[in-house]
Amino acid sequence: MPRTRPTLLALSAALACTLAAAPTAQADRGGGHGAPDGGRGGTVRFATFNASLNRPYQGTLVEDLSDPGDEQAQAAAEVVQRTRPDVLLVNEFDYDEQGRAAALFQRNYLARAQNGAEPIRYRYRYTAPVNTGVASGFDLDNDGRAVTEPGAPGYAGDAYGFGAFPGQYGMVVYSRYPIDRGAVRTFQTFRWADMPGALLPTDPETGEDYYSEQERAKLRLSSKSHWDVPVRLGRGRPVHLLASHPTPPSFDGPEKRNVTRNHDENRFFADYVSPHRSGYIYDDEGRRGGLPPGARFVIAGDLNADPEDGDGHPRAVLQLLESDRVEGGVRPTSEGAPQAAREQGGANAEHTGDPALDTADFGEPEPGNLRVDYVLPSRGLPVADTRVFWPAEGRPGAEAAAKASDHHLVWLDVCCR
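Residues numbered from 1 in each chain as written. Predicted model: local features only at pLDDT ≥ 70, side-chain atom pairs only at ≥ 80, totals over all residues. Heavy atoms only, no water.

As named in an unreviewed UniProt entry, the protein chain is Endonuclease/exonuclease/phosphatase family protein, taken from Streptomonospora wellingtoniae.

Written out as structure tokens, the structure is:
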């Protein structure tokens, strides 16, 4: 596994965690039957992975996962097995109402050894509907027609979130610790226009709103969803996994509707964790407000925003990295990312950000490789270690990481018992 020199803060946190929990730590030697921390000195590993487990047609992912022979799913499972997260958010995992795909991935892939890696078992899962592929009834892409029939040309562009069918590019959380399902909050239906000062797009030629008044009254902020999933790690307060997958700031016209939406989707959790800014927020059950002061959290997901490069809004992810309640100084790196940037050249040579921080291999001609996947803890939550699983060529897991997805898993070890 790629390693870099940890910071003094990380060393101190790791030592504190080890001293606190080492006497009871046990190694996970049988796919999840030991202590959940896997012998990591009392730390808990949170991770995010855009595993590209999406398919072009509804039901295809369930079919592909119904037997253990899908090569891409095998590669994705190997990545998870080699990194062994305790709490894992998977982006781009097609949603189905019965949760069959999520269960099949566990049974046929994660629970089976992949290329010599040990199986891993997650006792708890959470998934829920998302906005991708849900018909809006409006002509959101302004091509002159509102398409409401899945599979018809233009349908994906008029859905609340770009998708060929309801649930495409969904999300799922796997956890080795109990999920407090009764306390989960989802924000799938929160309206974009209800965010104070929202960057709703305008036509640069006319200065008029890009979306009609009727569209603004219905348009949802989340291109997929935003979830607050409390995870019970012990007798103390839960840690809230704040999961999302904002739209990529690409495929735009001059109105920059995806750039602005990505900015505000990232802003949502920056406001949610800040009590003085979260009063406007409401969840899908009508409950208002954000996290209370002192709540512990980890923000995770493919946020589709690089703090220095790419074509997103320059402040999109900085809203989180610079938040008073977020420990934005964590900088996970890998050996494989700078190697890929050197070998690929092109747009990568023009980037100003450190290539060791890249998490996604977007290739050429644009935008090159970027840092878009994040696991960010709340301030005061001690960080023991953090990495991007992007092994250098020839290292264990490098082939699986390349085959699974154009994104790489990012993990963070915290001491939070």
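The rest of the description comes next.
Novice: Explain empty space enclosed by the protein here, please?
Specialist: Empty space among the atoms becomes visible once a probe the size of a water molecule is rolled across them. Per the counting criterion, the structure on display carries 1 cavity of 30 Å³ or more. With 3 residues, helix α4 (residues 100–110) is the largest single contributor of residues to the lining of the largest cavity. Residue composition of the lining of the largest cavity, by class: 4 nonpolar, 2 polar and 3 charged. (1 Å grid on protein atoms, 1.4 Å probe; cavity = no way out; pocket = protein on both sides within 12 Å on 5 of 7 lines; lining within 4 Å. Points joined across faces, edges and corners; volume = space filled by probe spheres on them. Helix = DSSP H or I, 4+ residues; strand = E, 2+ residues; numbered from the N terminus. Nonpolar A, V, L, I, M, F, W, Y, C, P; charged D, E, K, R; others polar.)

Novice: For this particular structure, what's the right way to read the layout of surface pockets?
Specialist: Of the pockets and cavities examined, the largest pocket occupies roughly 850 Å³. Looking at the largest pocket, it is lined by 39 residues, and the ones nearest its centre are T247, P248, P249, S250 and F251. Sorting the residues of the lining of the largest pocket by element identifies β1 (44–53), α5 (155–158) and α7 (257–272) as the ones contributing at least two each. Take the lining of the largest pocket: its biggest share by element is 3 residues, from α7. Counted by class, the lining of the largest pocket contains 16 nonpolar, 14 polar and 9 charged residues.

Novice: Would you explain unusual backbone geometry in this entry?
Specialist: Glycine aside, negative phi is the norm for most residues, and most peptide bonds take the trans geometry. Backbone geometry places N142, a non-glycine residue, at a positive phi of 55°. Along the chain, the position of N142 falls in the loop between β3 (124–126) and α5. The phi angle at F251 is positive, at roughly 60°, despite the residue not being glycine. Looking at where F251 falls in the secondary structure, it is placed in the loop between β7 (239–244) and α7. Classification of F251 by relative accessible area gives exposed; the value is 72%. (Buried < 20%, exposed > 50% of the residue type's maximum accessible area, 1.4 Å probe, protein only.)

Novice: Would you explain the sheet that holds β3 in this entry?
Specialist: Picture the strands of a sheet paired through backbone hydrogen bonds; they go either parallel or antiparallel. Read from one edge to the other, the open sheet built from 6 strands follows the order β3-β4-β2-β1-β11-β10, with strand pairing classed as mixed. Each edge of the sheet is formed by a strand with only one pairing partner; in this case those strands are β3 and β10 (383–388). Strand-to-strand, the axes of this sheet are offset by a mean angle of 15°, without reference to chain direction. (Pairing = 2+ DSSP bridges. Axes fitted to C-alpha atoms, helices over the stretch in contact; angles between N-to-C directions.)

Novice: It is not clear to me how the environment of L242 should be interpreted in this structure. Could you clarify?
Specialist: For L242, the position within the fold is in strand β7. Through-space distance from the C-alpha of L242 to that of P377 is 9.9 Å; in sequence the pair is 135 residues apart. With sequence-adjacent residues up to four places away left out, L242 is seen in contact with W227, D228, F269, Y272, V273, L291, F297, V298, I299 and A300. (Contact = heavy atoms within 4.5 Å.)

Novice: Is there a simple way to think about the nonpolar core in this case?
Specialist: Most often, soluble globular proteins keep nonpolar side chains buried together rather than apart. Judged by nonpolar contacts, the single largest core of 65 residues is most densely connected at F46 and W227. Membership of the second largest hydrophobic core comes to 32 residues, among which are A73, A75, A77 and I120. (Core = buried A, V, L, I, M, F, W, Y, C linked by side-chain atoms within 4.5 Å.)

Novice: Before we go on, may I ask you to explain the pairing of strand β4 (residues 171–175) in this structure?
Specialist: Note on strand geometry: in a regular strand, side chains alternate between the two faces of the sheet. The buried count for β4 comes to 5 of 5 residues, which makes it a mostly enclosed element. Side chains of β4 alternate between two faces, with M171, V173 and S175 and V172 and Y174 buried alike. Pairing of strand β2 (residues 87–93) with β4, which is carried by 5 bridges, proceeds in the antiparallel orientation. Paired with L88 across the two strands is Y174, which belongs to β4. Both β3 and β4 contribute to a ladder of 3 bridges, which runs antiparallel. Within the sheet, the bridge partner assigned to Y124 lies in β4 and is S175.

Novice: Sorry if this is basic, but what is going on with the pattern of salt bridges here?
Specialist: If the charged atoms of two oppositely charged side chains come close together, the side chains can form a pair. Taken as a whole, this structure holds 16 salt bridges when the rule is applied. The salt bridge involving D143 is made with R145; its shortest N-O contact spans 3.5 Å. Look at R145 and you get partly exposed, because its relative accessible area is 40%. In this structure, the salt-bridge partner of E335 is R395, at a minimum N-O distance of 2.8 Å. With a gap of 60 residues between them, E335 in the loop between α8 (318–321) and α9 (336–344) and R395 in the loop between β10 and α10 (398–404) connect regions that are remote in the sequence. Its relative accessible area of 35% is what places R395 among the partly exposed residues. A single network of salt bridges, built from pairs that share partners, joins R55, D64 and D70. (Salt bridge = Lys/Arg side-chain N within 4 Å of Asp/Glu carboxyl O.)

Novice: I tried to follow the sheet that holds β7 on my own but got confused; where do I start?
Specialist: Sheet architecture is open: 5 strands sit in the order β5-β6-β7-β8-β9, paired in mixed fashion. The open sheet has two edge strands with one neighbour each: β5 (185–186) and β9 (373–377). Pairing between strand β6 (residues 226–231) and β7: 6 bridges, direction antiparallel. In the sheet register, P230 faces β7, and the bridge partner there is H240. Contacts from α7 reach β5, β6 and β7, with the element oriented near 40° to β6.

Novice: Explain the environment of V375 here, please?
Specialist: For V375, the position within the fold is in strand β9. C-alpha separation for the pair V375 and R387, spaced 12 residues apart in sequence, amounts to 9.9 Å. Not counting the four nearest positions on each side in its chain, V375 is found in contact with F46, A47, T48, V298, I299, A300, V330, V410 and L412.

Novice: Could you clarify how one ought to interpret the packing of helix α3 (residues 71–83) against α4 in this entry?
Specialist: Two numbers describe a pair of packed helices, the interaxial angle and the distance between the axes. One way to put it is that α3 packs onto α4 with a least axis distance of 10 Å and a crossing angle of 80°. In terms of axis orientation, α3 runs roughly perpendicular to α4. Taking contact as the criterion, the partners of A73, Q74, A76, A77, V80 and Q81 in α3 are, on α4, F105, Y109 and L110. Tallied by class, the residues present in the contact of α3 with α4 amount to 7 nonpolar, 2 polar and no charged. (Parallel < 35°, antiparallel > 145°, perpendicular 65-115°, else oblique.)

Novice: I tried to follow the side chain of T83 on my own but got confused; where do I start?
Specialist: Structurally, the position occupied by T83 is in helix α3. A distance of 2.8 Å separates a polar atom in the side chain of T83 from the backbone oxygen of V79. (Polar contact = N/O pair within 3.5 Å; in protein donor to acceptor, adjacent residues only side chain to side chain.)

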